[in-house]
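Given next are the chains, with one letter for each unit.
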Amino acid sequence: MTSKKKTATKSKKSARKPNSAPKKAPKIRDAKRPRISVLIADDHSVVREGLASLITRKSDMTVVGEASNGREAVDLWKQHQPDVTLLDLRMPELDGVGALKEIRGDNEKARIIVLTTFDGDEDIYRAIQAGAKGYLLKDAPREALMDCIRRVHGGETCVPVHLAAKLAQRVSGETLSDREIEVLKLMAQGKSNKEIGSALFISEGTVKSHVKSIFAKMNVISRTEAVANATRRGLIQL
């Protein structure tokens, strides 16, 4: 009886042992990619809120700050070091180009997209020359903006074809000198040649020469046309 009990006990123990199948290695989940951090700079709160709402809906993006002027944009950029910055061109205290220069002066690898309503060739040229990696108009489709953010974050440049054509025209065309720009600004204020000469400490004859050169370079025939053309192109701001 004893030997039978021992045999039965052994058989029960062996029946309880699980199959010695090889254990499966635990699955390792793919590490999530960090989201693209975005800084928004625009002097209109409605625009900032709209952009923030749009960006935060994307699973691969997050908003780290909102600035209402150029000076605040520079300060927030230094604080957060965002992957991509959306920067308006015309802002108080410090304009977009000024903010661009300061940020890029701090870190030349900063990725900045100018998002504006101004499409003048001079506006585009000044922004790209200051180091912008992208230039978009505010009426661009939502997905075009999202695509631009991703492309710039990836190291690409993002300038739509029609804006790139204006940029090419600006680069290849005749440029106004700094003095001619000064004359244009005073013309826009409605000043006469004599008043412009007094303001710039040059003779009335020299002013006339500058005006003639301005007309020729801009292909216009009147002061009104010159001022309108210069404003549209972003050469001067009224």
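Quick summary incoming for the structure in this document. Keep in mind that what you see is a predicted model, and the values were worked out from it rather than measured.

Conventions and cut-offs
- Residues numbered from 1 in each chain as written.
- Predicted model: local features only at pLDDT ≥ 70, side-chain atom pairs only at ≥ 80, totals over all residues.
- Heavy atoms only, no water.
- Helix = DSSP H or I, 4+ residues; strand = E, 2+ residues; numbered from the N terminus.
- Buried < 20%, exposed > 50% of the residue type's maximum accessible area, 1.4 Å probe, protein only.
- Contact = heavy atoms within 4.5 Å.
- Areas by Shrake-Rupley, 256 points an atom, 1.4 Å probe, with all protein chains shown as cover.
- Salt bridge = Lys/Arg side-chain N within 4 Å of Asp/Glu carboxyl O.

### So, the overall build of the protein
Along the backbone of the protein there are eleven helices and five strands. Counting only residues that meet the buried cut, the protein has 39% of its 238 residues in that class. For the protein, restricting intrachain contacts to residue pairs at least 6 apart in sequence, the fraction spanning at least 24 positions comes to 64%. Carbon and sulfur atoms provide 50% of the accessible area of the protein, an area that totals close to 14,700 Å².

### Quick look at the pattern of salt bridges
Inspection of the entire model under this criterion finds 14 salt bridges. Taking the shortest distance from any N to any O, the salt bridge between R71 and E102 comes out at 2.9 Å. Taken as a pair, R71 in helix α3 (residues 70-80) and E102 in helix α4 (residues 96-106) lie far apart in primary sequence, 31 residues in all. R71 gets classed as partly exposed once you look at its relative accessible area, which sits at 30%. Between R151 and D147 there is a salt bridge; the shortest N-O distance is 3.9 Å. Taken as a pair, R151 and D147 lie in helix α6 (residues 142-153) at a separation of four residues, close to a single helical turn.

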